[in-house]
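One-letter residues, chain by chain:
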Amino acid sequence: MPDVRVVSATADIWPRLGQVFGPRANNPDSCWCQRFRRHDATDNRSALHQEIEDALVPIGLVAYLADNPIGWTRVVPRHTLPGITDNRALARILDDDPNAWWVTCFVVRREHRGGGVGVQLLESAVEWASEHDGTVLDGHPVDTAALSRAPSPSAVFTGTMA
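Here is a short report on the structure shown in this document. The shown structure was predicted, so the numbers you read here are calculated from the model rather than taken from an experiment.

1. So, the overall build of the chain
Move 1: Counting its secondary structure elements, the chain contains five helices and five strands.
Move 2: On C-alpha atoms alone, the chain measures out to a radius of gyration of 15 Å, which is about the 15 Å that the 2.2 N^0.38 rule sets for 162 residues.
Move 3: Restricting the contact set of the chain to residue pairs at least 6 apart, pairs at least 24 apart contribute 63%.
Move 4: On the chain, roughly 9,300 Å² of surface is accessible, and the fraction owed to carbon and sulfur atoms is 50%.

So, in structure tokens, the structure goes:
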């Protein structure tokens, strides 16, 4: 695997972060990692931009190959995600842990998929949560091996079991 480095998503990376999202970067209403969030911004891209600008602790990690951003994951305290905390099905199985963290999504540029970038992002997310006193890092990957047909790439944004 090429030499991929993972760094925290600070305000200075914003101008190039869109490269990770590929063609969807042109659509401000694309997901932009807002699936489990609520915001008052005019669009999802603006919401993520504002979050990154305002964060005291960076809300995500970016994978770089040389100077090119090729992957992203959001890793934050679970209590900051109303789409998770307000989900009644999840409430039945999750412990009420104020220090629990959650990894919500993975985006890896198409040409870099299958090369371990997602695994590096996940390993870095585990370290990131631990460094910030996270007691557990939760998520909800898709078990693609259990599906009767391959899902669309947009259906596996939370990662895969593999």
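2. Here we look at the side chain of Ser30
Move 1: Tracing the backbone through its elements, the reader meets Ser30 in the loop between helix H1 (14–17) and helix H2 (44–54).
Move 2: Those residues in contact with Ser30, other than ones at most four positions away along the chain, are Arg24 and Asn44.

3. Overview of the environment of Gly134
Move 1: Mapping Gly134 onto the fold places it in the loop between helix H5 (117–131) and strand E5 (136–138).
Move 2: Sequence-distant contacts of Gly134, that is, excluding residues within four places in its chain, are made with Asn99, Trp101 and Ala129.

What counts and how
Residues numbered from 1 in each chain as written. Predicted model: local features only at pLDDT ≥ 70, side-chain atom pairs only at ≥ 80, totals over all residues. Heavy atoms only, no water. Helix = DSSP H or I, 4+ residues; strand = E, 2+ residues; numbered from the N terminus. Rg over C-alpha atoms; globule rule 2.2 N^0.38 Å. Contact = heavy atoms within 4.5 Å. Areas by Shrake-Rupley, 256 points an atom, 1.4 Å probe, with all protein chains shown as cover.

None of this, on its own, says anything about what the molecule does.
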